[in-house]
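Observations on the three-dimensional arrangement
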Amino acid sequence: MEFEQLALVHIRALLRAAVRLARDVAIAEDLVQDAMLRAWRHFDRFQPGTNCKAWLFRIMLNCWTTRHQRMRQEAIQFFPEQYTESASAERTAPTRFSAEEIQNSIDLLSEEYRTALVLFAVEGFSCKEIAEILGIPIGTVMSRLSRARGLVKNDLAKRETRYLKAKARL
């Protein structure tokens, strides 16, 4: 009953973050289910009075890391050529960016930057909470957030420039 009151209220937040991490709803749902099952099994380890949401996110990110490593190893075994070449796809972008374009730009970030940005900007965790969730120093969190914002800003600026150049040629 205590688990239901403390943990289950965070399922939507976990699913939002999982969808952004996995970029696939089915995988995200499985990820949240795995995380909640682990949390339920190990609820005796939760320290009452601490941040349950952060505890659940840490569990989910651990599940993601395990799953992501396994999926990457399987992909490397079946599609090794994909991991030896760098693929860059040119995209056309509008001058005003939709939520989808911004999300696409965020999706291009490396996992460490994307995770920090999602936890901060989408889930509303503080830098201190993110540091605890990820098990890294707070300065590293702030650095990753700053770099993530800069990378997204630069990507959107490049998209804007390409769009304007293409429009000028018409």
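Predicted model, so just to flag it, every value in this text is computed and none were measured. (Residues numbered from 1 in each chain as written. Predicted model: local features only at pLDDT ≥ 70, side-chain atom pairs only at ≥ 80, totals over all residues. Heavy atoms only, no water.)

Structural notes on the packing of aromatic side chains
Heads up, the rule is: Each pair of aromatic rings taken from Phe, Tyr and Trp, with Trp reduced to its six-membered ring, is defined by centres within 6.5 Å and is described as stacked if the planes are under 30 degrees apart, edge-to-face if over 60, and tilted in the remaining cases. Helix and strand assignments follow DSSP, with helices taken as H or I runs no shorter than four residues and strands as E runs no shorter than two, numbered in order from the N terminus. Residue burial is assigned from relative accessible area. The probe radius is 1.4 Å, only protein chains are included, and a residue is buried under 20% of its type maximum, exposed over 50%, and partly exposed in between.
Applying the stated rule across the entire model yields five aromatic pairs. Taken together, a centroid distance of 4.9 Å and an interplanar angle of 75 degrees make the contact between Phe57 and Phe125 edge-to-face. Within this pair, whereas Phe57 is found in helix H4 (residues 52-78), its partner Phe125 is found in the loop between helix H6 (111-122) and helix H7 (127-134), the two being separated by 68 residues in sequence. Of the two residues examined, Phe57 and Phe125, each falls in the buried class.

Section: unusual backbone geometry
For Arg23, which is not glycine, the phi torsion reads 60 degrees and is therefore positive. Among the structural elements, Arg23 can be located in the loop between helix H2 (11-22) and helix H3 (25-41). Residue classification places Arg23 among the partly exposed residues on the basis of a relative accessible area of 44%.

So, H7
To keep it simple, the criterion reads: Each direction from the helix axis to a C-beta atom contributes to the arc, which is the arc of those directions.
Turning to H7, its buried residues number three or more, namely Cys127, Ile130, Ala131, Ile133 and Leu134. Taken down its axis, H7 places every buried residue within 165 degrees of arc, on the same side. What points out from H7, more than 90 degrees from its buried face, is the exposed set Lys128 and Glu132.

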